[in-house]
Number of protein chains: 4
Amino acid sequence: MSASRSGGTIRAGIVGGTGYTGAELLRLLAQHPAVELVAITSRGEAGTPVDRLFTSLRGRVGLTFVEPAAARLERCDVVFFATPHGVAMSQARELLAGGARIIDLGADFRLRDAAEFERWYRVPHACPELLAEAVYGLPETAREAILRARIIAIPGCYPTSVLLGLLPLARLERERAGAVDWNGLIADCKSGVSGAGRKVEAELMAGEVSDNFRAYGLAGHRHQPEIEQQLRAAAGRAVQLTFVPHLVPMIRGIHATLYVRLEAAAEQDLQQLYERFYRNEPFVDVMPAGSCPDTRSVRGSNVARIAVHRPSRNLAIVLVVEDNLVKGAAGQAVQAMNIAFGRPESEGLTQIALLP
Amino acid sequence: MSASRSGGTIRAGIVGGTGYTGAELLRLLAQHPAVELVAITSRGEAGTPVDRLFTSLRGRVGLTFVEPAAARLERCDVVFFATPHGVAMSQARELLAGGARIIDLGADFRLRDAAEFERWYRVPHACPELLAEAVYGLPETAREAILRARIIAIPGCYPTSVLLGLLPLARLERERAGAVDWNGLIADCKSGVSGAGRKVEAELMAGEVSDNFRAYGLAGHRHQPEIEQQLRAAAGRAVQLTFVPHLVPMIRGIHATLYVRLEAAAEQDLQQLYERFYRNEPFVDVMPAGSCPDTRSVRGSNVARIAVHRPSRNLAIVLVVEDNLVKGAAGQAVQAMNIAFGRPESEGLTQIALLP
Amino acid sequence: MSASRSGGTIRAGIVGGTGYTGAELLRLLAQHPAVELVAITSRGEAGTPVDRLFTSLRGRVGLTFVEPAAARLERCDVVFFATPHGVAMSQARELLAGGARIIDLGADFRLRDAAEFERWYRVPHACPELLAEAVYGLPETAREAILRARIIAIPGCYPTSVLLGLLPLARLERERAGAVDWNGLIADCKSGVSGAGRKVEAELMAGEVSDNFRAYGLAGHRHQPEIEQQLRAAAGRAVQLTFVPHLVPMIRGIHATLYVRLEAAAEQDLQQLYERFYRNEPFVDVMPAGSCPDTRSVRGSNVARIAVHRPSRNLAIVLVVEDNLVKGAAGQAVQAMNIAFGRPESEGLTQIALLP
Amino acid sequence: MSASRSGGTIRAGIVGGTGYTGAELLRLLAQHPAVELVAITSRGEAGTPVDRLFTSLRGRVGLTFVEPAAARLERCDVVFFATPHGVAMSQARELLAGGARIIDLGADFRLRDAAEFERWYRVPHACPELLAEAVYGLPETAREAILRARIIAIPGCYPTSVLLGLLPLARLERERAGAVDWNGLIADCKSGVSGAGRKVEAELMAGEVSDNFRAYGLAGHRHQPEIEQQLRAAAGRAVQLTFVPHLVPMIRGIHATLYVRLEAAAEQDLQQLYERFYRNEPFVDVMPAGSCPDTRSVRGSNVARIAVHRPSRNLAIVLVVEDNLVKGAAGQAVQAMNIAFGRPESEGLTQIALLP
């Protein structure tokens, strides 16, 4: 299943290409040497050339948005959903039947449990029978599964940063139960405004966001169950996470500051643990001891950078930065596609961060 | 007519207090020692406490937004309209009949000619018979008229900056006809995002505006006829202005860069001309020769700062900065109110700019 | 001791007025009805008119920076030090001898223990004998002491936010020992760039800070001992705080996100606790339950806003916002001066936050 | 002369790689398939790994900064100077003698006239005899010359934008003398902060630049003589340009707003003129009539976008956007290198702009 039907080239379609993750997918796929973009859908912009909406793509993407019904997405080897929850699950059965694989950047296939999905998203799941086979597509934990998957659920932007920061500790837990206090995890996360998508909302106006900083979502954020589900699976035990997101007056970037109480892990060298864990990962960079990575060091690139601090014997502070639209969304989707189709994992993803 | 009906205190109402100019009026009026805020209307937010919408006013403004019909604005000495065009003119006759004076921060009473209003705003004027008596409320040119006016039209934010920058040259023209090329004026203007108001529009989202710069409105901007009308009146002759606005990724501030060809004015000392012209003005600051004022030097204050440059014998470059929400809107409105009601012109307007 | 020597007017001097806290002091004192600014010193800018350095003060502050030796500060009723550590302590004895009171916005008199000062600041303390009488000038905890103090140490910007957020819990601890886990406090704090002062440093350049976010100071921040000292005093027991500051691409504002484990306090109504604790405070605003205050709601004002969340029985999350230059520095200094000289506490401090 | 000495691979050195143009060169050259980076010099950072200074290059650039003397730049096929004026000219003779070609991103070889260089830069020119052979490396006007050049002077960031905006009119002038008023050109230009480089200066601090806008350099900017020199050459006649730069609170991007009086050109279709002129250019995009390009549409890419407006018969307004660090500096340098060494002109330069 790891090759495209058309031989060398991967024929890709995009559903919902008018948001920021859609635009970012277009940026990455237009530069990918093995991908042919065959269709991009939008109800609201059908008939509009893509490069009229996104001037940055002039001369690079010649497609025009089409109505979903006219897109003939069954021709595709892979269909990306850059849509709010609810869209991918409504088209999944038909696309799979036609032989396409699905990479969903939305939330429809992230939670294993349909009831939990319905509790957080307040709609019934349209194809609960597919949840079991869907793969939570964090390449660092699921390479093998992605290779064979028909449905790949790309993690949310916050979950990617929190999971990458905590996975080495989960492995430690597997090796030495009781090393970490899994009931007292704190994830104080900060995101640029593009994390909210290209939604037109009062609180995301430039006049509201600029020169301002605030927390939000303390009553419960939809990324929380997905983080806990994956941590549970990785650590092999129950976990409890306090997750507080904040809005930063910048465009791209997530910074996760993770506070973890250590119990029986006092003598462990965390720096070494992290370096070993990510030693062969092309897109996770463990920084030297003492570092404070900044979000711009990954702006526009698919890399996540991590630093581990140990202010006292019983506390670890893990700092993680990523570009929420790349490693936190579209880049991770392309990375998963590369794996799924047997391409080199870094193909089309070698952009260096834009600094300054 | 220069006193409030209620004796010392000016009873003020605000129509449309949910935008940025409304919020700024509230900030200024809440600190004004002679004003009592009696009502503030909003269709969309009726029933909402003002300080729930604008947290900054907690403990300072106890009012709740009310339906226009319930506001009983006829009780007021003055009613401010912080509304889009079309609202003030629809309520003007009734309010005047009740004895209130009107200070309109919108566009309904800025243009003398109903036909020109209709050409630019594409609606018929609701009370063209009142245009003749309405005063264009730029205090620097209209103090006497403001004192007696029943309707004061507060200039637009761009026009305030352009007019303050060119009025001394208009006086020069009166004294020495032919000094300036009035047909070749160029106003290259730059504004922060709050100039567009608190409208929820895609192109004003933080993700679109931040780290970005662009021109707009080259096909014709509604502030243009108002600038030309006032310049014509001041210079006593026809004028032609090229006006190009740009959007700056900042919240507040307008910077006008004005290019003026000089003809028979070669020996004139422009620095002296400007300093004399504004010598007694409390809110116009002519900077020392060679200065480049920055917008933050007036952020939050009612001051406009001006610098005059003369790169060659035949060219003047005039730089003007103002806070678009204060001297370009709400502050100018309060200044006009002070004049209209015989109060000290600077009362309630002595805030120093916030720097940094 | 609560009156100025000159009768009604307080004669004030400023040492080191070229930084951001100096500029902010000037903004506030220039608008204060009871203050006469008599001198402002700067070695580097002696001879420069204040309003040449800070254009925003044109027409409002007529002083010229003078050499410290020429300032004759002994004429003053009060001398503000807006200087790095080391300056105030070197001039304290002489000024006190001359009868002036000292309000130090730097760090020289914040720590009670000279040894601890020397450990963190790496210089010997110049007048350790004065530490005992110096008052840590957080008005919410030290009104009586401020009234009589000769030396008032204004808290640091971060400490103000953390202390205001935790003081009600400290009182709870006094009443019910064991209510709070004082050894596991986490203060995840975020500050705008003006918190670092007007220092010219590579990492504070606009090209480095804009569209970027990062943590810093994990190896130990000088504000930490001061927070712990005051919490210890308030709670009546040892405390241990993990303090992680972050740099936000904005100018003004601090947002503290405080994580506190609750132990025997499960049935306590924290919202009520906070509202009661701050009920009579003019500059601390406890927001309604469920709120997320934003930093701009206090930009330019002396108000701190606090929200208390209780995501689970055993955890409190306290959000605090303040303007680091006002309530976190110059505004708090003026508030302390008002108290010290028997003036109304809010005098000259009624500016409403600039929004947007 | 159009091939590298080492056959297929171009061996490149960089002098002065610690500024923003140096960092940008590193970003582009590290991704260039035909370039081998052999050395990068810095006096101040000798011994520091490049990726410690620029975290974004971790895993991508393995070099360490070396002392100029130790760099053995004579091994290189090409040496880039990303330095202030004065450095390239001091090393040019020696490098040329060793067989390397020079691409100078600084100002040493931009002006044809050594006396003019000395007037503006206030130092004697170190190798005036080389000025005659140096090529002003704007590819759109100098492809043939670049192919053979030993010294390529990369245009300044502002000049690139202004020249690209005016060159089609210069050709028109060649064809129809008197079409344009070349004595009244106005270039109102706006630049992000990275245009000033990575200099540590008070006025470029984040606290000074953010939420602020101002003009600068009205007394004369060093980019002016270079613009006039090239326009003179293109139009075949004298020109006079008023050039006013402004500082925008953003990181990257230049927006030029050009005002040109038209004389005998009234019936000319400017849109068509521009489209034809740039028809075959890979990096100049003439936008559809009526467009207002935004700077972010080229952020991180080597593309310049141009829109032509004609508000009246006698006036053209040309809008040009570029990324000052790419098409305005490092990207243009790589483009010139590609030409000089006979590589495909777009090689290594196909990055799509980062949006949002």
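Residues numbered from 1 in each chain as written. Chains lettered and ligands numbered in written order. Predicted model: local features only at pLDDT ≥ 70, side-chain atom pairs only at ≥ 80, totals over all residues.

J.: An account of the overall build of chain A is needed here, citing residue identities and associated values.
T.: The secondary structure content of chain A amounts to ten helices and 13 strands. Computed over the C-alpha atoms, the radius of gyration of chain A is 20 Å, within 12% of the 21 Å expected from 2.2 N^0.38 for a compact globule of 356 residues. Based on the C-alpha atoms only, the size of chain A along its principal axes is roughly 60 × 45 × 40 Å. The burial tally for chain A puts 60% of its 356 residues in the buried class. Summarising the internal contacts of chain A: among those between residues at least 6 apart in sequence, 71% fall at separations of at least 24. (Helix = DSSP H or I, 4+ residues; strand = E, 2+ residues; numbered from the N terminus. Rg over C-alpha atoms; globule rule 2.2 N^0.38 Å. Buried ≥ 20, exposed ≤ 12 C-beta atoms within 10 Å, placed from the backbone. Contact = placed C-beta atoms within 7 Å.)

J.: Describe the interface of chain D and chain A, naming the residues involved and giving the relevant values.
T.: Of the residues lining the interface, 26 residues belong to chain D; the matching set on chain A comes to 26 residues. The biggest single contributor to the side of chain D that touches chain A is helix 1 (residues 20–30) of chain D, with four residues. Of the residues belonging to the side of chain D that touches chain A, the class tally is twelve nonpolar, nine polar and five charged. (Nonpolar A, V, L, I, M, F, W, Y, C, P; charged D, E, K, R; others polar.)

J.: Kindly report on the relation of the copies chain C and chain A, identifying the contributing residues and their values.
T.: Of the transformation superimposing chain C on chain A, the axial component is 0.0 Å and the angular component is 180°, with the fit at an RMSD of 0.0 Å. Such a turn and shift between the copies fits a two-fold axis. When the interface residues of chain C are mapped onto chain A, 100% of them again fall at the interface, so both copies present the same face. (Least-squares fit on C-alpha atoms with pLDDT ≥ 70 in both.)

J.: Could you give an account of the relation of the copies chain D and chain A, with specific residues and numbers?
T.: It takes a turn of 180° to lay chain D on chain A, together with a shift of 0.0 Å along the axis; the resulting RMSD is 0.0 Å. An overlap of 100% is found between the interface residues of chain D and their copies at the interface of chain A, pointing to a shared contact surface.

J.: Give me the lowdown on the interface of chain C and chain A, citing residues and values where you can.
T.: Contacts between the two partners involve 35 residues from chain C and, on the opposite side, 35 residues from chain A. Every element with two or more residues in the side of chain C that touches chain A is listed here: strand 7 (185–191), helix 7 (206–209), strand 8 (214–215), strand 9 (241–247), strand 10 (254–261), strand 12 (304–312) and strand 13 (315–322) of chain C. Per-class residue counts for the side of chain C that touches chain A are 19 nonpolar, nine polar and seven charged.

J.: Any chance you could break down the confidence of the model for chain A for me, citing the residues and the numbers?
T.: Put simply, chain A has an average pLDDT of 95, and 98% of its residues get 70 or more. In the predicted assembly, ipTM is 0.96 and pTM is 0.97. (pLDDT = per-residue confidence, 0-100.)

J.: Account for the sheet that holds strand 12 (residues 304–312) of chain A, naming residues and giving values.
T.: All names here are of chain A. Overall, mixed pairing links the seven strands, which are arranged 8-9-7-10-13-12-11 in an open sheet. Edge positions in the sheet fall to strand 8 (214–215) and strand 11 (284–286), since each has one partner strand and no second. For strand 11 and strand 12, the ladder comprises three bridges, and the chain directions are parallel. Pairing of Val284 across the sheet is with Ala304, part of strand 12. (Pairing = 2+ DSSP bridges.)

J.: Pulling in residues and values, what's your account of the domain arrangement of chain A?
T.: Residue and element names in this part refer to chain A. What the domain assignment reports for chain A is domain 1 (10–155 + 327–340) and domain 2 (158–324). For domain 1 and domain 2, the distance between their C-alpha centroids amounts to 25 Å. Taken together, the contact between domain 1 and domain 2 spans 20 residues of the former and 25 residues of the latter. Elements supplying a minimum of two residues to the side of domain 1 that touches domain 2: helix 4 (114–121), helix 5 (139–148) and helix 10 (326–340). The leading source of residues in the side of domain 1 that touches domain 2 is helix 10, at six residues. (Domains from an automatic or database assignment.)

J.: Got a sec to walk through the pairing of strand 4 (residues 101–104) of chain C? Specific residues and values, please.
T.: Residues and elements named next belong to chain C. Burial of the side chains of strand 4 extends over both faces: Arg101 and Ile103 are buried on one face and Ile102 and Asp104 on the other. Judged from the four bridges that link them, strand 3 (residues 78–81) and strand 4 form a sheet pairing that is parallel. The residue bridging Phe81 from the neighbouring strand is Asp104, located in strand 4. For the crossover from strand 3 across helix 3 (residues 88–98) to strand 4, the handedness is right-handed. Taken together, the three bridges between strand 4 and strand 6 (residues 151–153) define a ladder with parallel strand orientation. What sits directly across from Ile102, in strand 6, is Ile151. (Right-handed = clockwise from strand over helix to strand, strands pointing away.)

J.: Tell me about the sheet that holds strand 2 (residues 35–41) of chain B, residues and numbers included.
T.: Residue and element names in this part refer to chain B. One open sheet accounts for six strands, arranged 2-1-3-4-6-5; its pairing is parallel. Two strands close off the open sheet at either side, each with one partner strand: strand 2 and strand 5 (135–136). The pairing of strand 1 (residues 10–15) with strand 3 (residues 78–81) spans four bridges and is parallel. Looking across to strand 3, one finds that Ile14 is bridged to Phe80.

J.: A description of the pairing of strand 7 of chain C should follow, citing residues and the corresponding values.
T.: All names here are of chain C. When you tally the buried positions in strand 7, you get seven out of seven residues, the bulk of the element. The alternating pattern of strand 7 places Leu185, Ala187, Cys189 and Ser191 and Ile186, Asp188 and Lys190 on opposite faces, both of which are buried. Pairing analysis gives seven bridges linking strand 7 to strand 9, with the strands arranged parallel. Within strand 9, the residue paired with Ser191 across the bridge is Leu247. Judged from the six bridges that link them, strand 7 and strand 10 form a sheet pairing that is antiparallel. Of the residues in strand 10, the one forming a bridge with Ala187 is Leu258.

J.: A description of the packing of helix 5 (residues 139–148) of chain C against helix 10 (residues 326–340) of chain C should follow, citing residues and the corresponding values.
T.: Between two packed helices, the angle of one axis relative to the other and the distance separating the axes together describe the packing. All names here are of chain C. As a packed pair, helix 5 and helix 10 sit with axes 9 Å apart at the nearest point and diverge in direction by 40°. In terms of orientation, helix 5 and helix 10 fall into the oblique class. Taken as a pair, helix 5 and helix 10 cross one another with a handedness that is right-handed. Contact with helix 5, carried on its side by Pro139, Arg143, Ile146 and Leu147, involves Gln335, Ala336, Ile339 and Ala340 of helix 10 and no other residues of that element. In terms of residue class, the contact of helix 5 with helix 10 is made up of six nonpolar, one polar and one charged. (Axes fitted to C-alpha atoms, helices over the stretch in contact; angles between N-to-C directions. Parallel < 35°, antiparallel > 145°, perpendicular 65-115°, else oblique. Left-handed = near helix turned anticlockwise from the far one by under 90°.)

J.: So what's going on with the environment of Arg122 of chain D? Which residues, and what values?
T.: Residue and element names in this part refer to chain D. Tracing the backbone shows Arg122 in the loop between helix 4 (114–121) and strand 5 (135–136). Classification of Arg122 as exposed rests on a count of 8 C-beta atoms within 10 Å. Separated by 68 residues in sequence, Arg122 and Phe54 place their C-alpha atoms 32 Å apart.

J.: So what's going on with the environment of Asp323 of chain A? Which residues, and what values?
T.: All names here are of chain A. In this structure, Asp323 sits in the loop between strand 13 (315–322) and helix 10. As for Asp323 and Arg299, which are separated by 24 residues in sequence, their C-alpha atoms are 5.4 Å apart. Excluding residues within four positions of it along the chain, Asp323 makes contact with Arg252, Gly253, Val298, Arg299, Gly300, Ser301 and Gly328.

J.: Now, about unusual backbone geometry: what can you tell me, with residues and values included?
T.: Most of the time, phi is negative for any residue but glycine, and the peptide bond is trans. Following Leu355 of chain C, the chain continues to Pro356 of chain C via a peptide bond in cis, the omega torsion being 0°. Relative to the helices and strands, Pro356 of chain C is located in the segment after helix 10. If you check the backbone angles, Asp211 of chain D has positive phi at about 50° while not being a glycine. Relative to the helices and strands, Asp211 of chain D resides in the loop between helix 7 (206–209) and strand 8 (214–215). Note on Asp211 of chain D: 23 C-beta atoms within 10 Å, which makes it buried.

J.: Explain the environment of Asn183 of chain C residue by residue, including any values.
T.: Position of Asn183 of chain C among the secondary structure elements: in the loop between helix 6 (157–175) and strand 7. By C-beta crowding, Asn183 of chain C is classed as partly exposed, having 13 other C-beta atoms within 10 Å.

J.: Give me the lowdown on helix 6 (residues 157–175) of chain B, citing residues and values where you can.
T.: Residues and elements named next belong to chain B. Compared with the 27 Å implied by 1.5 Å per residue over 19 residues, the 28 Å span of helix 6 between its first and last C-alpha is a close match. Taken as a whole, helix 6 carries its principal kink of about 40° at Leu166; the proline Pro168 stands between one and four residues after it. In terms of burial, helix 6 is largely enclosed, as 16 of its 19 residues are buried. (Expected span 1.5 Å × (residues − 1). Bend = angle between axes of the 7 residues up to and from the residue.)

J.: Kindly report on the packing of helix 6 (residues 157–175) of chain A against helix 10 of chain A, identifying the contributing residues and their values.
T.: All names here are of chain A. Relative to each other, helix 6 and helix 10 sit at 100°, their axes nearing to 8 Å. The angle between helix 6 and helix 10 places the two elements in the roughly perpendicular class. Here helix 6 contributes Cys157, Thr160 and Ser161 to the contact with helix 10, which in turn contributes Lys327, Gly328, Ala329 and Gln332. Of the residues contributing to the contact of helix 6 with helix 10, the split by class is two nonpolar, four polar and one charged.

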